[in-house]
Amino acid sequence: QLPLVESGGGLVQPGGSLTISCTTGEYILGYYAVAWFHQAPGKEREGVSCIGSSGEITTYADSVKGRFIISRDDAKNTVYLKMNSLKPEDTGVYYCATPRHRLCRFHDMDYWGKGTLVTVAP
């Protein structure tokens, strides 16, 4: 397992926006698909979004379609998740992960970060 590092979490009011980031200093992340996962308090981790190595193909969970957007900047070796119109149920720890291959499959993620906490509350 190789380390990924998430950042950018914090406290946001309902309806607000926040962008979180995923990077690593260990290898070139742009070679691989990268996914974001969400774990709400007391619930199972679930896939939120994934971006292929090309950056052209993206997937989103139904719960975030139209609100979140995933992107990558290979020059910065970073993948982003822009979260808009945030709801209290979006609260939880967000993890990034990669299978270290080019295709997105949520069940095939072997390398993870330790997560960043997002809290959506008044």
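One can find the structure itself at the top, above this paragraph.
Participant: How do you make sense of the packing of aromatic side chains when you look at a structure like this?
Facilitator: Pairs of aromatic rings are described using the distance from one ring centre to the other and the angle between the two planes. This model, assessed by the stated rule, comprises 4 aromatic pairs. Ring plane angle 85° and centroid distance 6.0 Å describe the contact between tyrosine 31 and tyrosine 32, whose orientation is recorded as edge-to-face. Residue tyrosine 31 is classed as exposed on the basis of its relative accessible area, which comes to 53%. Using a relative accessible area of 14% as the deciding quantity, one classes tyrosine 32 as buried. Directly above the ring of tryptophan 112 sits arginine 45, whose terminal nitrogen or CZ lies 3.8 Å from the centroid. Taking the ring centre of tyrosine 27 as reference, the NZ or CZ of arginine 100 above it sits at 4.4 Å.

Participant: Sorry if this is basic, but what is going on with the pattern of salt bridges here?
Facilitator: Taken as a whole and judged by the stated rule, the model has 4 salt bridges. When the shortest N-O distance is used, the salt bridge between arginine 67 and aspartate 90 registers 2.8 Å. Taken together, the positions of arginine 67 in the loop between β6 (58-60) and β7 (68-73) and aspartate 90 in the loop between β8 (78-83) and β9 (92-98) put the pair 23 residues apart, joining distant regions of the chain.

The rules behind the values
The residue numbers shown here count from 1 along each chain, following its written sequence. Residue-level local features of this predicted model are given only where pLDDT is at least 70; pairs of side-chain atoms are given and counted only at 80 or more, and the full residue set underlies all totals for whole chains, interfaces and linings. Side-chain descriptors were evaluated using all non-hydrogen atoms of the structure, hydrogens and water having been removed beforehand. Any pair of Phe, Tyr and Trp rings, taking the six-membered ring for Trp, is counted once the centres come within 6.5 Å. Such a pair is stacked with planes under 30 degrees apart, edge-to-face with planes over 60 apart, and tilted for the rest. Remark: exposure states derive from per-residue accessible area (1.4 Å probe, protein chains only) relative to the maximum for the residue type, with buried under 20%, exposed over 50%, and partly exposed in between. Geometrically, a charge over a ring is one whose NZ (Lys) or CZ (Arg) sits within 6 Å of the ring centre while staying within 35 degrees of the ring normal. Salt bridge criterion: a side-chain nitrogen from Lys or Arg within 4 Å of a carboxyl oxygen from Asp or Glu. A helix here means a DSSP run of H or I that spans at least four residues, while a strand means a run of E at least two residues long, and both kinds are numbered starting from the N terminus.

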